[in-house]
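# Descriptive analysis of the structure
Given next are the chains, with one letter for each unit.
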Amino acid sequence: MHIDALIEGIPPTAVYAVVALIIGLESLGIPLPGEIALVTASLMAVKGVVSPWGVAACAIAGAIIGDSIGYSIGRKGGKPLFEKLGRKFPKHFGPSHLATAERSFQKWGMWAVFFGRFIALLRIFAGPLAGALKMPYWKFLIANVLGGVVWAGGTALLVYKVGKKIEPWLARFSWAGLAAAAVIGGLSFWIMKRRAAKTHAKMEAEAAAEAAAAKEPVND
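The structure reproduced in this document is the subject of the present report. (Residues numbered from 1 in each chain as written. Predicted model: local features only at pLDDT ≥ 70, side-chain atom pairs only at ≥ 80, totals over all residues. Heavy atoms only, no water.)

### Description of the overall build of the protein chain
When its secondary structure is counted, the protein chain shows eleven helices and zero strands. The buried share of the protein chain, taken over its 220 residues, is 44%. Across the protein chain, every contact between residues at least 6 apart in sequence was considered, and the portion connecting residues at least 24 apart equals 75%. Looking at the protein chain as shown, the accessible area adds up to about 11600 Å², and 68% of this sits on carbon and sulfur atoms. (Helix = DSSP H or I, 4+ residues; strand = E, 2+ residues; numbered from the N terminus. Buried < 20%, exposed > 50% of the residue type's maximum accessible area, 1.4 Å probe, protein only. Contact = heavy atoms within 4.5 Å. Areas by Shrake-Rupley, 256 points an atom, 1.4 Å probe, with all protein chains shown as cover.)

### Notes on the packing of helix α3 (residues 34-46) against helix α9 (residues 137-165)
At their nearest, the axes of α3 and α9 sit 8 Å apart, and the two run at 40 degrees to each other. On the basis of their axis angle, the class for α3 and α9 is oblique. For the crossing formed where α3 meets α9, the hand is right-handed. Contacts between α3 and α9 involve E35, L38, V39, S42, L43, A45 and V46 from the first element and W151, A152, T155, A156, V159, Y160, G163 and K164 from the second. Per-class residue counts for the contact of α3 with α9 are ten nonpolar, three polar and two charged. (Axes fitted to C-alpha atoms, helices over the stretch in contact; angles between N-to-C directions. Parallel < 35°, antiparallel > 145°, perpendicular 65-115°, else oblique. Left-handed = near helix turned anticlockwise from the far one by under 90°. Nonpolar A, V, L, I, M, F, W, Y, C, P; charged D, E, K, R; others polar.)

### Observations concerning the packing of aromatic side chains
For the structure shown, the criterion picks out six aromatic pairs. Aromatic side chains W111 and F114 sit 5.9 Å apart centroid to centroid with 80 degrees between the ring planes, which places their arrangement in the edge-to-face category. Of the two residues, W111 and F114 both sit in helix α7 (residues 110-116), three residues apart, roughly one turn of that helix. A relative accessible area of 42% means that W111 is categorised as partly exposed. On the basis of an interplanar angle of 55 degrees and a centroid distance of 6.0 Å, the ring pair of F114 and F118 is categorised as tilted. One exposure class covers both F114 and F118, and it is buried. (Phe/Tyr/Trp six-rings, centres within 6.5 Å; stacked < 30°, edge-to-face > 60°.)

### Focus: α3
In a regular helix each residue adds 1.5 Å, so 13 residues correspond to 18 Å; α3 covers 19 Å between its end C-alpha atoms and thus fits that length. With respect to burial, α3 is a largely interior element, eleven of its 13 residues being buried. Remark: G48 follows α3 within two positions and exhibits a positive phi of approximately 85 degrees. (Expected span 1.5 Å × (residues − 1).)

### Description of the nonpolar core
When a protein is soluble and globular, its nonpolar side chains tend to lie buried together. If you look at the biggest cluster of nonpolar residues, it comprises 39 residues, and the most contacted ones within it are I7, V15 and F105. Counting only elements with at least two residues in this core, the list comes to α2 (12-28), α3, α4 (52-88), α7, α8 (120-132) and α9. Leave out the neighbours within four places in its chain, and V15 touches I7, I10, A41, M44 and V50. (Core = buried A, V, L, I, M, F, W, Y, C linked by side-chain atoms within 4.5 Å.)

### A short note on the pattern of salt bridges
Taken as a whole and assessed by the stated rule, the structure comprises one salt bridge. Measuring nitrogen to oxygen at the nearest pair gives 3.1 Å for the salt bridge that ties D67 to R117. Of this pair, D67 sits in helix α4 while R117 sits in the loop between α7 and α8, placing them 50 residues apart in sequence. Residue D67 shares its accessibility class with R117, and that shared class is buried. (Salt bridge = Lys/Arg side-chain N within 4 Å of Asp/Glu carboxyl O.)

### Digging into the side chain of S27
Among the structural elements, S27 can be located in helix α2. A distance of 2.9 Å separates a polar atom in the side chain of S27 from a polar atom in the side chain of R117. Look past the residues within four positions of S27 in its chain and what remains in contact with it is G62, A63, G66, D67, R117, R123, I124 and P128. (Polar contact = N/O pair within 3.5 Å; in protein donor to acceptor, adjacent residues only side chain to side chain.)

### Looking at α2
The end-to-end C-alpha separation of α2 is 25 Å, in line with the 24 Å expected for 17 residues at 1.5 Å each. Taken residue by residue, α2 has V15, V18, V19, A20, I22, I23, G24, E26 and S27 as its buried positions. Immediately downstream of α2, the backbone of G29 shows phi near 130 degrees, a positive value.

As structure tokens, this is what we get:
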């Protein structure tokens, strides 16, 4: 069963817990579709099934708590933990994924945790890798809280507000309105991620340039 179908099929009171759990596990380092869970619950809020503020609050809590647990695990396990995960789950924790995330952390420090919320690869790595690289916890906590509030809370409320604008369509043309809500919700989320994606691309370009410069032979 897909995550969206699972969330839509459970009692409304359980939606909050499931959204927090999925986002928390993803933030901890387990590759789960946190974005889909968040958008699905936000669209349910448009229909009045759940509270948008409740969805936002649970999503924020899951993001912050999950990342904090991931940080503790990474700090205790260190890089050997990622090497072990890379052997078991090469699709998500392969050497290339780890190298990309590590370069981002070395270049941007705590801001990699913040922007990592908006990028699937870094969202999985952010907490554990910050711990493994011994980032001071107070820096991690600030970036973790800010990122969780902006990404989880911002996405939930933005999708809800956009969905309310087209709510009359949902009443008259249920299937067409639902499709429109999904498209517009995805577009809203994409707009939020765009700036973070540009920052990530800049980080990668600068890291690649530095690596190329380091490999160039020095002329006497």
